[in-house]
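# Structural description and commentary
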Amino acid sequence: FCTVHTATLCGSMVALKRLRKDLAPEREKIGLADLRREVAVLTRINHPHIIRLVAHGIADDGSPFCCLTMFSQPLGALLPTGKVGFFAERREAKEWPLARAVAVGLQLARALRYCHDEFLPGYR
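One structure accompanies this document, and this report is about it. (Residues numbered from 1 in each chain as written. Predicted model: local features only at pLDDT ≥ 70, side-chain atom pairs only at ≥ 80, totals over all residues. Heavy atoms only, no water.)

## Topic: the packing of aromatic side chains
Stated precisely, the cut-off is as follows: In this scheme Phe, Tyr and Trp rings, the latter by its six-membered ring, pair at centre separations within 6.5 Å, and the angle between planes marks the pair as stacked below 30 degrees, edge-to-face above 60, and tilted otherwise. When a residue's accessible area, from a 1.4 Å probe over protein chains only, is under 20% of the maximum for its type it is buried; when over 50% it is exposed; and in between it is partly exposed.
One pass over the structure, following the stated rule, counts one aromatic pair. Relative to F119, the ring of Y114 has its centre 6.0 Å away and its plane inclined at 50°; by these criteria the two rings are tilted. A relative accessible area of 14% places F119 in the buried class.

## Examining the pattern of salt bridges
Proximity of charged atoms lets side chains of opposite charge pair with each other. Test applied: A pair is scored as a salt bridge if a Lys or Arg side-chain nitrogen falls within 4 Å of a carboxyl oxygen belonging to Asp or Glu. Secondary structure counts use DSSP, requiring at least four H or I residues in a row for a helix and at least two E residues in a row for a strand, with both numbered from the N terminus.
Throughout the structure, instances matching the rule amount to six salt bridges. The partner of R18 in a salt bridge is D61, with the nearest N and O atoms 3.1 Å apart. Of this pair, R18 sits in strand β2 (residues 12-19) while D61 sits in the loop between β3 (53-58) and β4 (64-69), and the two are 43 residues apart along the sequence. On the basis of relative accessible area, D61 is assigned to the partly exposed category, the value being 43%. With a shortest N-O distance of 2.4 Å, D34 and R37 are connected by a salt bridge. With a gap of three residues between them, D34 and R37 both fall in helix α1 (residues 25-42), about one helical turn apart. Under the relative-accessibility criterion, D34 is labelled partly exposed at 30%.

As structure tokens, this is what we get:
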């Protein structure tokens, strides 16, 4: 329901998420509800391993938007490629030693635990 582009806000790069303009009216209603719900949740989340909401509002053209913190690159770009072969496996082992893999796994697990068990007490 949305498009995401890079933008600059107060000198920092952010992900600008906007409701698509070409949605049919019934899909626009669903998309708007989803975006509002996402903003409501993200305004309350505070965890170092979860993207943060930086700003939200209505653009001059009347379309809702939100700005999110942006990582320098996605995790998928950092993960080993899974190439097979002696030299490929040795190179990937150097780039992704076990300690790094465990550290990333722990960060993901902590973020998931926060969302599922700690964010809204009484809800899972």
